Amino acid sequence: MKNYYQIIKIFFISFIFINTFFCKAFAAGPDAKITKMNFSFDGIFGVIDKASARRGLQVYNEICAGCHSLEHVAYRNLLDIGFSSDQVKEFASQFEVMGEPDSDGEVNMRSAIPSDRFVSPYLNDNQAKAYNNGAIPPDLSLIIKARAGGASYFYSLLKGYEDVPEDKEPINGYYNIAYPGNVIAMPQPLYGDDVEYEDGTEATMEQEIIDLVSFLAWTAQPELNDRKSMGFRVFLFLVFMTSVLFLSYRKIWKKIKG
Amino acid sequence: MSNTKNGKGVIGWIDYRLPIFSTLQHTLVDYPTPKNLNYWWNFGSLAGIFLMIQIVTGIVLAMHYTPSVEGAFASIEHIMRDVNYGWLIRYIHMNGASFFFIVVYIHIFRGLYYGSYKSPREVLWWLGLIILLLMMATAFMGYVLPWGQMSFWGATVITNLFSAVPVVGTAVVEWLWGGFAVDNALLNRFFALHYLFPFLIVGVVILHIVALHTHGSNNPLGIDRKGPQDSIPFHPYYTIKDLFGLSFVLTIFAAVVFYAPDFLGHPDNYIPADPLKTPAHIVPEWYFLPFYAILRAVPDKLGGVIAMISAILILFALPWLDTSKVRSATFRPIYKKFFWLLFIDVIILTWVGGSPAEGHFILIGQLATIYYFAHFIILMPIIGIIETPRPLPNSISESVLNKPIKG
């Protein structure tokens with residue numbers, strides 16, 4: 001038994017060591033302040049709050065979508081956060097996409113259908129650059145997974161706009177305490193009351209940010225709810241199987257160990 | 001299996017002509033194994049199982065992946081979102097690579113501790129190191145396939161290392177790239193080779209097992225078996241022990257796959273590759289960090305590459321660098337301490353490899369690199385000569401019967 005504990009001990013200690021050091025390397029610079037938040041989707045039983053994610057779609061659609069694409073998400077995916085089939089069709093139909101060539105080879109615009117992916121605000125990358133001083137606003141599909149700090153970073157960033165401190169030199173952009181380097185090209189997008197929620201929730205700045213984070217946590221990890229519930233069952237099964245195998249092992253080895 | 005000798009029955013008939021069943025019988029059932037193996041001996045079979053997990057999930061992923069610079073990143077998202085349980089298969093494959101390295105590194109450290117590289121197991125040890133080299137190449141090419149920022153810049157940094165080769169360096173790099181930059185040609189050939197290499201690994205694993213079974217497993221005492229009383233058949237004793245160990249490790253694996261699937265990865269790899277935008281810190285996957293630290297510890301590019309490659313090549317010479325006749329560190333009081341120092345040194349190298357190459361990290365990395373090589377080139381030969389080993393037990397069975405042996 002001693003060896004058994006030793007293995008677990010060394011395994012875990014080195015694992016934790018390596019990863020603490022490793023993660024440190026990814027953390028944003030010392031000039032970025034990130035507030036660690038608890039979201040509905042954190043933890044073992046945490047799930048995406050679908051009502052919040054639906055409100056988040058409204059925030060995305062009315063505020064963010066002006067500049068940021070969501071290219072990996074299809075309108076049909078919205079069924080997952082509780083929209084009905086008709087709502088998805090209606091939502092998709094307000095956007096226009098390039099249609100398929102007709103029999104004369106003409107390509108016409110058509111309204112989007114649920115199987116289309118979210119329509120980009122730009123025709124192409126060059127247009128995106130031209131509209132935004134040469135930089136393409138990042139696609140938001142994976143943004144929660146694509147930044148160190150994840151959802152907490154994103155939350156802190158949207159809340160992190162402040163006036164430029166007097167001791168800093170004039171900057172070319174906006175001052176944000178959560179952004180690495182503190183100078184960000186994106187102006188503050190949310191102030192509160194930027195949208196009028198369809199479900200009547202009061203649109204405070206905090207509420208809008210949390211809803212947007214819920215929505216983008218879902219776009220980044222649409223499998224999150226399934227993954228966690230399946231994981232729990234798999235984990236329980238494996239704990240059970242490990243116990244049974246351990247007892248079998250003890251029984252079989254009795255002959256040898258006496 | 002007595003009937004197989006006469007070729008009775010379908011199995012017997014086949015086995016008489018192609019001894020596949022009796023080979024399996026000898027390998028997985030009868031194989032006489034030392035009766036005193038501890039849990040550290042679980043990691044060999046674990047490594048084999050993770051190899052199988054990687055191959056199976058990898059083949060499924062390859063059915064849905066698109067190897068092109070335009071399509072690669074989106075096809076990964078297609079797998080994650082549209083393919084049935086694609087997210088599960090990909091997360092198993094991503095984290096399976098990490099776990100494969102964890103169990104292999106433990107397997108290697110076990111060999112270092114118990115002197116498993118010593119005569120007559122030198123070739124067994126070499127084959128293991130060849131597997132490690134193939135694994136590293138495979139993992140590196142696999143990490144490039146999603147074509148995220150770290151994929152692209154990792155590939156750029158590592159392939160550029162070949163430019164350090166005198167005279168033909170640039171030509172070699174352009175040959176590797178199939179062009180003048182890391183681009184579609186490289187992605188395509190990496191995909192082809194990433195698919196090929198695991199099967200090469202399987203081949204070397206078979207040789208590794210043949211070499212293992214030629215002289216049998218080493219054991220925690222490091223002494224040779226004196227007779228049949230020291231051995232037990234592999235089945236059921238070690239099959240059940242390996243199954244228990246497997247189930248235990250799979251439980252940890254499941255916890256990571258389902259609850260922290262991106263914990264071991266880098267967030268930047270969820271940003272599509274952009275040749276015009278260099279990430280703030282380019283870091284490889286965690287299992288390359290010690291070698292990355294050694295690479296960066298040498299101020300000269302060619303020197304760094306040589307040091308990094310030597311860090312593994314030096315292990316091939318271990319059977320001769322270690323001058324002690326005693327295999328197991330259990331009976332080697334001085335070597336045992338230095339073994340753990342080496343372990344700590346590798347942890348430090350991992351930490352330095354993941355940190356930006358600036359300030360005190362540079363010095364720590366250089367010292368840790370020097371210590372790494374000193375351990376093998378200077379300390380090991382000297383310790384073997386000056387050390388007085390503790391008395392070895394007469395036989396495995398005697399030791400098993402009398403008192404428990406502390407690892």
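Residues numbered from 1 in each chain as written. Chains lettered and ligands numbered in written order. Predicted model: local features only at pLDDT ≥ 70, side-chain atom pairs only at ≥ 80, totals over all residues. Heavy atoms only, no water.

Visitor: Please clarify how the overall build of chain A should be interpreted in this entry.
Guide: Counting its secondary structure elements, chain A contains 7 helices and 4 strands. Counting helices and strands in the order they occur from the N terminus, chain A gives α-α-α-β-β-α-α-β-β-α-α. Sorting the 258 residues of chain A into buried and exposed places 43% on the buried side. Long-range contacts, defined here as pairs at least 24 residues apart, represent 62% of the contacts in chain A between residues at least 6 apart. Total accessible area on chain A stands at roughly 14,400 Å², and carbon and sulfur atoms take up 56% of it. (Helix = DSSP H or I, 4+ residues; strand = E, 2+ residues; numbered from the N terminus. Buried < 20%, exposed > 50% of the residue type's maximum accessible area, 1.4 Å probe, protein only. Contact = heavy atoms within 4.5 Å. Areas by Shrake-Rupley, 256 points an atom, 1.4 Å probe, with all protein chains shown as cover.)

Visitor: Whenever I open this one, the packing of aromatic side chains confuses me. Can you help?
Guide: The relation between two aromatic rings is expressed through the spacing of the ring centres and the mutual angle of the planes. Counting across every chain of the model gives 52 aromatic pairs over all chains. Between A:Tyr249 and B:Phe244 the ring centres are 6.0 Å apart and the planes differ by 10 degrees, which places this aromatic pair in the stacked class. Pair noted here: A:Tyr249 is in helix H7 (residues 224–257) and B:Phe244 is in helix H11 (residues 234–259), and the two residues belong to different chains. The exposure class of B:Phe244 is buried, given its relative accessible area of 1%. Here the guanidinium or amino end of B:Arg110 rests over the ring plane of B:Trp41, the centre of that ring lying 4.4 Å away. (Phe/Tyr/Trp six-rings, centres within 6.5 Å; stacked < 30°, edge-to-face > 60°. Lys NZ or Arg CZ within 6 Å of the ring centre and 35° of its normal.)

Visitor: Can you walk me through the nonpolar core in this structure?
Guide: Most often, soluble globular proteins keep nonpolar side chains buried together rather than apart. Counting 134 residues, the largest nonpolar core has B:Phe101, B:Tyr105, B:Leu112, B:Tyr372 and B:Phe376 as its most contacted members. Per-element tally for this core: the top contributor is helix H6 (residues 86–113) of chain B, with 18 residues. Excluding anything up to four places from it in sequence, B:Tyr105 contacts B:Leu132, B:Met136, B:Trp286, B:Tyr287 and B:Phe291. By size, the runner-up hydrophobic cluster in this structure holds 43 residues, among which are A:Val59, A:Val88, A:Ile144 and A:Leu190. (Core = buried A, V, L, I, M, F, W, Y, C linked by side-chain atoms within 4.5 Å.)

Visitor: Before we go on, may I ask you to explain the interface of chain A and chain B in this structure?
Guide: Size of an interface: often given as the accessible area lost when the parts come together. In this complex, chain A contributes 53 residues to the contact, which on the side of chain B involves 59 residues. Summing both sides of the interface, chain A and chain B together bury roughly 5,300 Å²; the carbon and sulfur share of this comes to 76%. Applying the counting rule to chain A against chain B returns 3 salt bridges. Across the salt bridge formed by B:Asp82 and A:Arg117, the nearest N and O atoms sit 3.0 Å from each other. Looking at the side of chain A that touches chain B, the elements with two or more residues in it are helix H1 (2–26), helix H6 (205–220) and H7 of chain A. Tallied by class, the residues present in the side of chain A that touches chain B amount to 33 nonpolar, 10 polar and 10 charged. (Buried area = accessible area lost by both parts, 1.4 Å probe. Salt bridge = Lys/Arg side-chain N within 4 Å of Asp/Glu carboxyl O. Nonpolar A, V, L, I, M, F, W, Y, C, P; charged D, E, K, R; others polar.)

Visitor: Sorry if this is basic, but what is going on with helix H3 (residues 85–93) of chain A here?
Guide: Given 3.6 residues per turn, any residue in an α-helix points the same way as the ones three and four places further on. Residue and element names in this part refer to chain A. Listing the buried residues of H3 in full gives Val88, Phe91 and Ala92. Down the axis of H3, the sector holding all buried residues measures 95 degrees, keeping them to one side. Facing away from the buried side of H3 by more than 90 degrees, the exposed set consists of Asp86 and Glu90. Lining the buried residues of H3 we find helix H2 (50–62). (Arc of directions from axis to C-beta.)

Visitor: What is the right way to read the confidence of the model for chain A from this model?
Guide: The predicted coordinates should not be examined in detail at positions where pLDDT is low. Within chain A, residue pLDDT values average 89, and 88% of them lie at 70 or more. Segment residues 21–28 of chain A is flagged for pLDDT under 50; beyond a separation of four residues in sequence, or across chains, it makes 15 contacts in the model. (pLDDT = per-residue confidence, 0-100.)

Visitor: Can you help me understand the environment of A:Gln221 in this one?
Guide: Residue and element names in this part refer to chain A. Tracing the backbone through its elements, the reader meets glutamine 221 in the loop between H6 and H7. Sequence separation between glutamine 221 and isoleucine 48 is 173 residues, and the spatial gap between their C-alpha atoms is 9.5 Å. Apart from residues lying up to four places away in sequence, glutamine 221 is in contact with Lys145 and Arg227.

Visitor: Would you explain the side chain of B:Ser151 in this entry?
Guide: All names here are of chain B. Within the element layout of this structure, serine 151 appears in helix H8 (residues 149–160). The class of serine 151 is buried, set by a relative accessible area of 1%. Leave out the neighbours within four places in its chain, and serine 151 touches Tyr143, Val144, Pro146 and Asn269.

Visitor: Before we go on, may I ask you to explain the confidence of the model for chain B in this structure?
Guide: Per-residue confidence for chain B gives a mean pLDDT of 94; residues scoring 70 or more make up 96%. Two summary scores accompany this predicted model of the complex, namely pTM at 0.92 and ipTM at 0.91.

Visitor: Please explain the state of the cysteines as it appears in this structure.
Guide: Such a bond, covalent and formed between the sulfur atoms of two cysteines, is termed a disulfide. On inspection of all chains with the given rule, the structure shows 0 disulfides over all chains. Left without a disulfide partner, A:Cys64 is nearest to the cysteine sulfur of A:Cys67, which lies 9.0 Å away. (Disulfide = S-S within 2.5 Å.)

Visitor: What is the right way to look at the pattern of salt bridges in this model?
Guide: This model, assessed by the stated rule, comprises 14 salt bridges over all chains. Between A:Glu100 and A:Arg110 there is a salt bridge whose closest N-O contact spans 3.4 Å. Residue A:Glu100 is found in the loop between strand S1 (96–98) and strand S2 (109–111), and its partner A:Arg110 is found in strand S2; the two are separated by 10 residues along the sequence. Taken together, the shared-partner salt bridges connect B:Lys118, B:Asp322, B:Arg332 and B:Glu387 into one network.

Visitor: Explanation requested: unusual backbone geometry in the structure shown.
Guide: Across the chain, the bulk of peptide bonds are trans and the bulk of non-glycine residues have phi less than zero. B:Ser119 connects to B:Pro120 through a cis peptide bond whose omega is 5 degrees. Along the chain, the position of B:Pro120 falls in the loop between H6 and helix H7 (122–144). Cis rather than trans, the peptide bond between B:His235 and B:Pro236 has omega equal to 5 degrees. Looking at where B:Pro236 falls in the secondary structure, it is placed in helix H11. One non-glycine residue, A:Asp193, lies in positive phi territory at about 60 degrees.

Visitor: Help me understand a positive patch on the surface, please; the structure alone is not making it clear to me.
Guide: Residues and elements named next belong to chain A. Residues Arg250, Lys251, Lys254, Lys255 and Lys257 make up a contiguous surface patch of positive charge. Counting through the fold element by element, arginine 250 comes out in helix H7. With relative accessibility at 46%, the residue arginine 250 sits in the partly exposed group. (Patch = residues over 30% accessible without salt bridge, like charges linked within 9 Å, V, L, I, M, F, W, Y side chains within 5 Å. Lys, Arg positive; Asp, Glu negative; His and termini not counted. Charge placed at Lys NZ, Arg CZ, Asp CG, Glu CD.)

Visitor: I would appreciate a short explanation of the packing of helix H4 (residues 43–62) of chain B against helix H10 (residues 184–215) of chain B in the present structure.
Guide: How two helices pack is summed up by the angle between their axes together with the distance between the axes. Residue and element names in this part refer to chain B. Following both chains from N to C, one finds H4 and H10 inclined at 155 degrees, their axes separated by 11 Å at the closest point. Taken together, H4 and H10 sit at an angle that is classed as roughly antiparallel. Here H4 and H10 pass one another in a crossing that is left-handed. Contacts from Leu51, Met52, Ile55, Ile59 and Ala62 of H4 reach H10 at Phe191, Tyr195, Pro198, Phe199, Ile201, Val202 and Val205. Of the residues assigned to the contact of H4 with H10, the class counts are 12 nonpolar, no polar and no charged. (Axes fitted to C-alpha atoms, helices over the stretch in contact; angles between N-to-C directions. Parallel < 35°, antiparallel > 145°, perpendicular 65-115°, else oblique. Left-handed = near helix turned anticlockwise from the far one by under 90°.)

Visitor: Teacher, can you tell me more about the packing of H2(A) against H6(A) here?
Guide: All names here are of chain A. The N-to-C vectors of H2 and H6 enclose an angle of 100 degrees; their axes lie 7 Å apart at closest approach. Considered as vectors, H2 and H6 are oriented roughly perpendicular to each other. Counting all contacts with H2, which are made through Ser52, Ala53, Arg55, Gly56, Leu57, Val59 and Tyr60, the residues of H6 involved are Gln207, Glu208, Ile210, Asp211, Leu212, Ser214 and Phe215. The class makeup of the residues in the contact of H2 with H6 is 7 nonpolar, 4 polar and 3 charged.

Visitor: Help me out: how do you make sense of a nonpolar patch on the surface in this one?
Guide: All names here are of chain B. Taken together, Val10, Trp13, Ile14, Leu18, Ile20, Leu24 and Leu28 make up a surface patch of nonpolar side chains, about 680 Å² in accessible area. Elements with a contribution of two residues or more to the nonpolar patch: helix H2 (9–17) and helix H3 (20–30). Checked against the element boundaries, valine 10 lands in helix H2. Residue valine 10 is classed as exposed on the basis of its relative accessible area of 64%.

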